[in-house]
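# Chains, contacts and geometry: an overview
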Amino acid sequence: MKSTRQLLLEWYRANRRDLPWRRIHDPYAVWISEAMLQQTRVETVIPYWERFLSLFPDVASLAAAEPDAVLGAWAGLGYYSRARNLHRAAKLVAERHGGRLPDTAEGLRELPGVGRYTAGAVASIAFDRPEPVVDGNVARVLARLHGIREDVKLPAVAARLWELAAELARGPSPGDLNQALMELGALVCIPRAPGCTACPLRRRCAALAAGDAESLPVKARKPTPRAVEAVAGLILRRGRVLAVRRPPRGLLGGLWELPGGELAPRERPEAGLRRALRERTGLAIAGAERRGEVKHVFTHRSLRLHVFRCDTPEGRVRLRDFDAHRWLAPGALAELPQATLTRKALTLALSSSAI
Ligand code: SF4
């Protein structure tokens with residue numbers, strides 16, 4: 001009888017998707033793909049990965065890049081700390097390792113932003129190390145295969161999943177084996193209506209035998225994201241608009257946006273805008289025209305952003321909570337690295353614009 005390992009490898013070799021990072025054997029390219037793929041779908045990642053690799057083809061070029069250029073190449077992918085960490089890690093690899101990525105999971109984990117999953121993925125795929133990976137797809141496959149009916153976020157259950165993955169990774173082609181598990185979770189053992197009839201593991205799957213595959217894995221309910229109201233203003237002065245940059249750490253760190261801030265409880269948007277701009281940019285606006293609102297859900301926050309256009313009299317910008325500002329032609333603002341939320345707000349603020 002074939003082992004689970006063999007079944008997975010055979011299935012993977014016959015069914016794997018032709019993804020661009022699978023066509024080249026370059027540890028740096030694998031690392032970038034794994035950083036981008038966290039929390040993000042493959043189809044979304046492909047164009048970003050291709051552009052990123054054409055701008056920064058190796059560790060040296062990424063290490064030498066300006067922070068704005070790196071964030072600009074990442075803009076729209078979300079979870080921006082990943083880009084900042086990649087940049088810091090590339091500098092460290094250039095300085096300490098002569099531009100070559102460490103070839104063990106332990107060595108990789110010393111780099112900023114590289115956790116157990118990324119270290120295991122890069123070490124196994126790029127360096128053939130028998131290191132396990134457990135991401136959402138792998139956890140689902142293993143929980144169903146072994147009939148694990150406890151919350152997979154519990155530390156003891158997570159530890160068991162890592163052990164099961166480690167048993168499978170041991171042996172030849174650990175990189176293919178890990179990718180087989182991930183690919184099976186992405187294509188066949190999907191959250192709803194898994195394709196069990198096409199699954200190479202169907203004859204040994206505990207959840208299929210018990211008829212409860214769809215209810216696995218068990219996950220504690222995530223808390224509902226906190227509802228937050230905020231304001232942003234397109235501030236005009238002699239045909240130029242004000243852009244501000246967030247400090248490097250924290251949510252959306254290093255990205256440019258329209259100035260504004262969160263509303264206090266029960267604060268009216270226009271009053272909140274005047275207060276936020278006074279406190280955070282030192283500017284008193286003359287008038288504000290509401291342009292509409294945009295919504296965006298972050299991991300822990302569900303944001304409603306009220307967008308305004310305002311004129312401001314003379315006065316020096318004095319920043320609080322931001323670390324840089326620029327007065328720019330409206331078209332130039334879109335060139336700065338910015339989050340999807342800012343892009344939406346900017347489109348709204350500039351729509352039917354005569355500026
Ligand atoms: Fe998932 Fe079904 Fe395969 Fe079990 S048989 S691993 S539930 S796809």
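A few points on the structure. This is a predicted model, so every value here is computed, not measured.

### Re the overall build of the chain
- In terms of regular secondary structure, the chain is built from 16 helices and seven strands.
- Overall size of the chain, expressed as C-alpha extent along the three principal axes, is 80 × 50 × 35 Å.
- Taking all contacts inside the chain whose residues are at least 6 apart in sequence as the whole, residues at least 24 apart take part in 68%.
- When the accessible surface of the chain is summed, it comes to about 17,600 Å², and 51% of that surface belongs to carbon and sulfur atoms.

### Structural notes on the pairing of strand E1 (residues 226-237)
- In terms of burial, E1 is a largely internal element, nine of the twelve residues being buried.
- Of the strand pairs in this sheet, E1 and strand E6 (residues 301-311) are connected by eleven bridges, and their pairing is parallel. Across the sheet, Val 228 pairs through a bridge with Leu 303, a residue of E6.
- Alignment of E1 against strand E4 (residues 260-262), held across three bridges, turns out to be antiparallel. Across the sheet, residue Ala 230 finds its bridge partner in E4, namely Glu 262.

### Re the packing of aromatic side chains
- The full count for this structure, using the stated rule, is four aromatic pairs.
- Measuring from centroid to centroid gives 5.5 Å for Trp 21 and Trp 49, while their planes differ by 70°, and the two rings are edge-to-face. Taken together, the positions of Trp 21 in helix H2 (residues 20-23) and Trp 49 in helix H4 (residues 42-55) put the pair 28 residues apart, joining distant regions of the chain. Neither residue differs from the other here; Trp 21 and Trp 49 are each classed as buried.
- Within the aromatic cluster, the residues linked to one another by ring pairs are Phe 52, Phe 56 and Trp 74.
- Here the basic side chain of Arg 116 rests over the ring of Trp 162, its NZ or CZ set 3.9 Å away from the ring centre.

### Focus on empty space enclosed by the protein
- Counted by the stated rule, this structure contains one cavity of 30 Å³ or more.
- Roughly 120 Å³ of volume is contained in the largest cavity.
- Top element by residues in the lining of the largest cavity is helix H10 (residues 136-145). It accounts for three residues.
- A per-class count over the lining of the largest cavity returns twelve nonpolar, one polar and two charged.

### So, the environment of Arg 316
- Summarising the element assignment, Arg 316 is placed in the loop between E6 and strand E7 (324-328).
- Residue classification places Arg 316 among the exposed residues on the basis of a relative accessible area of 62%.
- Between the C-alpha atoms of Arg 316 and Leu 283, which are 33 residues apart in sequence, the distance is 7.3 Å.
- Every residue in contact with Arg 316, bar those within four places of it in the chain, is listed here: Thr 281, Gly 282 and Leu 283.

### Details of the layout of surface pockets
- Roughly 1,600 Å³ of internal volume is contained in the largest pocket.
- At the level of elements, H2, helix H3 (27-37), H4, helix H9 (116-127), H10, helix H11 (155-169) and helix H12 (174-187) are the ones that each hand at least two residues to the lining of the largest pocket.
- Per element, the largest residue contribution to the lining of the largest pocket is five residues, and it comes from H12.
- Grouping the constituent residues of the lining of the largest pocket by class yields 21 nonpolar, nine polar and 14 charged.
- Estimated volume of the second largest pocket: approximately 500 Å³.
- Along its surface, the second largest pocket is lined by 21 residues, and Gly 78, Tyr 79, Leu 251, Phe 298 and Thr 299 are the ones closest to its centre.

### Observations concerning the nonpolar core
- Tyr 28, Trp 31, Ile 32, Phe 52 and Trp 74 are the most contacted members of the largest nonpolar core, which has 102 residues in total.
- Setting aside anything within four residues of it in sequence, one finds Trp 31 in contact with Leu 86, Ala 89, Ala 90, Leu 101, Val 114, Thr 118 and Val 122.
- Residues Val 244, Leu 277, Phe 308 and Phe 322 belong to the second largest nonpolar core, which totals 13 residues.

### Points about the pattern of salt bridges
- Enumeration according to the criterion identifies 22 salt bridges in this entry.
- We note a salt bridge from Arg 129 to Asp 103, for which the minimum N-O separation is 3.4 Å. In this pair, Arg 129 sits in the loop between H9 and H10 while Asp 103 sits in the loop between helix H7 (81-96) and helix H8 (105-109), placing the two residues 26 residues apart along the sequence.
- What you see here is one network of salt bridges that share partners, running through Glu 267, Arg 275, Glu 279, Arg 280, Arg 320 and Asp 321.

Parameters at a glance
Residues numbered from 1 in each chain as written. Predicted model: local features only at pLDDT ≥ 70, side-chain atom pairs only at ≥ 80, totals over all residues. Heavy atoms only, no water. Helix = DSSP H or I, 4+ residues; strand = E, 2+ residues; numbered from the N terminus. Contact = heavy atoms within 4.5 Å. Areas by Shrake-Rupley, 256 points an atom, 1.4 Å probe, with all protein chains shown as cover. Buried < 20%, exposed > 50% of the residue type's maximum accessible area, 1.4 Å probe, protein only. Pairing = 2+ DSSP bridges. Phe/Tyr/Trp six-rings, centres within 6.5 Å; stacked < 30°, edge-to-face > 60°. Lys NZ or Arg CZ within 6 Å of the ring centre and 35° of its normal. 1 Å grid on protein atoms, 1.4 Å probe; cavity = no way out; pocket = protein on both sides within 12 Å on 5 of 7 lines; lining within 4 Å. Points joined across faces, edges and corners; volume = space filled by probe spheres on them. Nonpolar A, V, L, I, M, F, W, Y, C, P; charged D, E, K, R; others polar. Core = buried A, V, L, I, M, F, W, Y, C linked by side-chain atoms within 4.5 Å. Salt bridge = Lys/Arg side-chain N within 4 Å of Asp/Glu carboxyl O.

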